[in-house]
Each structure stands twice: as C-alpha cells, then as structure tokens.
Amino acid sequence: MTEPDQQLHRSLRNRHIQLIALGGAIGTGLFYGAADSIAAAGPAVIVSYLVGGMVIYLIMRALGEMSVHNPTSGAFSEYAHRWWGDLPGFISGWNYWFNYIFVSMAELSVVGIYINYWFPAVPRCVSAAVLLIIVTTVNLLHVRAYGEVEFWFAIIKVVAIIAMIVLGLWIIFFGTHSTSATGIGNLWRNDGFSPHGVTGMLAGIIIVMFSFGGTELIGITAGEAEDPQRSIPRAINRVVGRILLFYVGALIVMVAIVPWTKIDGNASPFVQIFDLVGIPGAAAILNLVVLTAAISAYNSGLYANGRMLHALAHQGDAPAFLGKVNKAGSPWAGVLLSSAVTAIAVVVVGLLPEQAFVYIMSIAMIAAIINWATIIITQMLFRRRLDPESRSELRFTMPGAPVTNWIVLAFLVLMVVVMTTMPPYRIAVAIGPIWLAVLGLGWQLSRRRQTL
C-alpha cells in the first residue's frame, strides 16, 4: 500500500497534460528523423504519417478507455496487472521504462548535431552530458514546475512548426526576394510521388511510428491530473489531431519546397531546407527550436521513467527505494536511476557519433511495439472482464472494438516483419525476444524474493 507521504501529487492541469503529450511526441522523430523517413518513402512519407497517425489514435483510445475508468500513474502496467496477469504487468512496466530509456538516449544522441551547427568543435558527447544534468535537475522539482517547463518548451515547438508551415506555404506560392515560388511540383518530380513504392512507404512507417511514440504519456499523467475523467479524453482527442496536423503539414511543406533527394540527414531537415532556400537567419532560429524540441522530448522521457519506476516499486515489481518521493512530490530515486542509465547514450555518442541515433532508435522501436501490443491486448481483456453494467457505464470507449484491436495488432506484426528487411533494425528484432526472456527471468526472481 502506498504511504501517504510517498504519493505523487495531483497538480497537473489540462494544459500541462496536453502539452506534455505533444512534447513527448514532437521531438527528434520529426525534427531529425524525418530525413530518414523521407529517404525511405519520398513524398509518399505523407501517407506513412497519415496511416501511422490513425493507428496511434486507436492505441491512445484503448489506453484512454482504461485511464478514464481507473486513472493511475502506473498506467498500462497497472492495467496489465489487473486485467491480464502479474507477468504481463511486470513486463509491461519494465518494458515501458526500457523503451523510454532508449527514446531518451535518442534525444541525447542528436543534441550534439544541433550544437555543432553553431559550435562545430564541441564534441557531441559533451553536449549530451550537459543536457542530461540540466533535465535531471528539472525533474527533481515539484511536478507543477516540471509541467510549466514542459508546457513552455512544447509551446515553442508548436509555434515554430506553425510558423515554419506558414513560411513554407509562402515560399511555395509566392517565393522570397531571392527565390521564386517553388510550387508543389517537387511532390511528384524525381521518380514520382512514391519513388520506392509500397515497400518504401512501409519502411517510412517504421520511423514515423517512432516519431509518434510519446503520446502514451497521457496515460502516465493520469495519476497526477487534477481531473482525469475530464482532462484525459480531451487530451487524447485533441493531441492526436494536432500531432497529425503538425507532422503532415510540416512534411508537405518540406518535400514541396526542396526535392526529397536533397534532404541528406546531416542536419535537421527543417534547418537544411531554410539553408537551401537562402532565408537569412531562419535556419539558425529553427536550429534553436529543434534543440529545444530535443530537450523537451528528453524532459518528457525522464518524467515518464521516474513515474513508471515509482509505480513498479509500489506494485512490488521493483526495489522499494524506487517508490520514494521527495518533499516536492518527485519520485527522485526513479528519476536519478533513469538518468544514470540514460547516461550510457553519452558514451555511445562518443564512440559512434554518426550511427548512434539509428541504432538507439531501432531498439526503442521494438520496445514501443511491445508496449502498444500490451495496451491493445489489455484493453480487450479489460472490456471482456467488466460486468455488463460497468461496461455500459464506460465514459470513453475505444471506437470499433474489438475489430479495431485486431487491426492494430496485425499492423504491429507487419511493422516487425518490415524491420527484418532493414539492416539497422534487424538487431532490434533480435534483441526483442531476448529482452522479453530477461524480463520473464526477472519476474521469476522477483516472485521468489517476495516469498522468502
């Protein structure tokens, strides 16, 4: 049972929750990873984002149904415990922590690239280390302070994306003093709208789905929301639409202004585009924005990890000390442990500065697929095990269930199959079963320790 002084504080307002989810999902996947998805799919990456967005919406509605019925900071880990079983609950919680460790590493791995835009001589690992220290400090403060920091970081990203889309549309239709209007011909030039066919769009979806990872944070915030029954449905319905608008709008502008073959991934595509069209100062401003985006997404990741370890500790699935909170209500032990493990990224960036992002992202992706599958299956069991009266009283239901559950699961299986065809992702597909076996062993040891 959670002691009163070890409970998280319900201090996050609706605006915090919506922007935390946006902050977690609008980060490196869009501002840097978009280059890889464009290379894989060409202009058809727009379709990849639309399909991926619809799948994520269904996953979020499945999580939302359970979160509104039983709001808790353990989110799908606690739901899996209750509706599926102790082993799935253990695996779900630790896998989500593992997932966000690698998401956080991915954010750290690209910070140096943005810093090098202004200061080429600064080692990327140094930039990553400085960010790690700053964000860890923020996460040890009161959750309301964290919510405010993330709110304003996310606001910067949202405003910047809107400004980028507006400026991009101006270039497309009217041009600038130094360049003529580009039009939208680049959407079908250079081998057509879908130069690599369906396989290219599927490959693009892998990177797209990594970009959408982070929206599950809405479920984690339920334990600290002031009015979860009202704020969670509103956040889910609004945030997915906004993410789709920002992602799809930004991608359309990017591939319309500059031929997709010229987006090389050596810098953020946002920065590269405005460098190529020669708008003075715009690229530098956008580089500052994408740096802010990486900080914001890492901030969200560390928040999620600290809360998940806190929940696991109080479920008996993690050492008890990880369930401790400080006077500000921050799960300090979980935050510090998560930060220490994430520091591995600093070492990886130092050893493999060019390859760090793609390998870290691939491992995060396989963990995310496990998370999403767990959410979908748990929601099916949750719905099945409710009595008819409780089922009729659900306030925020997943549309089309259970048919949509099976569609999402089939899509996730397809993603794994596609990953086996992509060399940088094969290692992640191999690591997935090994990681699940390690978690199974960990669960057995945990049960044995509790019976002694």
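Up top is the structure these notes are about.
*Asks:* Help me understand the pattern of salt bridges, please; the structure alone is not making it clear to me.
*Replies:* One side chain can pair with another of opposite charge once the charged atoms of both are near each other. Scanning all chains against the criterion turns up two salt bridges. In this structure, glutamate 65 and arginine 383 form a salt bridge, with 2.7 Å as the shortest nitrogen-oxygen distance. Within this pair, whereas glutamate 65 is found in helix H4 (residues 45–69), its partner arginine 383 is found in helix H16 (residues 356–385), the two being separated by 318 residues in sequence. As a salt-bridge pair, aspartate 317 and arginine 447 come within 3.5 Å of each other at their nearest N and O atoms. Of this pair, aspartate 317 sits in the loop between helix H13 (282–315) and helix H14 (332–342) while arginine 447 is found in helix H19 (residues 423–451), placing the two residues 130 residues apart along the sequence. Relative accessible area serves as the criterion here: at 3%, aspartate 317 is assigned to the buried category.

*Asks:* Quick question: what am I supposed to make of the nonpolar core here?
*Replies:* Across soluble globular proteins, nonpolar side chains show a tendency to be buried alongside one another. Formed by 137 residues in total, the largest nonpolar core has its most connected members in Tyr49, Met209, Met365, Trp372, Met415 and Met419. Among the elements that make up this core, the one with the highest residue count is helix H6 (residues 86–118) (18 residues). The contact partners of methionine 365, leaving out residues within four places of it in the chain, are Ile206, Met209, Phe210, Trp372, Met415 and Met419.

*Asks:* I'm lost on the environment of methionine 54 in this one. Help?
*Replies:* Here methionine 54 shows up in helix H4. Accessibility expressed as a relative area gives 52% for methionine 54, which makes it exposed. For the pair methionine 54 and leucine 244, spaced 190 residues apart in the sequence, the C-alpha separation amounts to 8.9 Å.

The rules behind these values
- Every residue gets a number counted from 1 within its own chain, in the order that chain's sequence is written.
- Selection of residues for local features in this predicted model requires a pLDDT of at least 70, selection of side-chain atom pairs for listing and counting requires 80 or more, and totals for whole chains, interfaces and linings are taken over all residues.
- Heavy atoms from the whole structure form the basis of all side-chain values; hydrogens and water molecules are not counted.
- Think of a salt bridge as a Lys or Arg side-chain nitrogen and an Asp or Glu carboxyl oxygen that are within 4 Å of each other.
- Note on conventions: DSSP H or I runs of at least 4 residues are helices, E runs of at least 2 residues are strands, and numbering of each starts at the N terminus.
- Relative accessibility thresholds used throughout: buried, under 20% of the residue-type maximum; exposed, over 50%; partly exposed, between the two (1.4 Å probe, protein chains only).
- To qualify as a nonpolar core, a set must consist of buried Ala, Val, Leu, Ile, Met, Phe, Trp, Tyr and Cys residues joined through side-chain atoms within 4.5 Å.
- Pairs of residues are marked as contacts when any of their non-hydrogen atoms sit within 4.5 Å.

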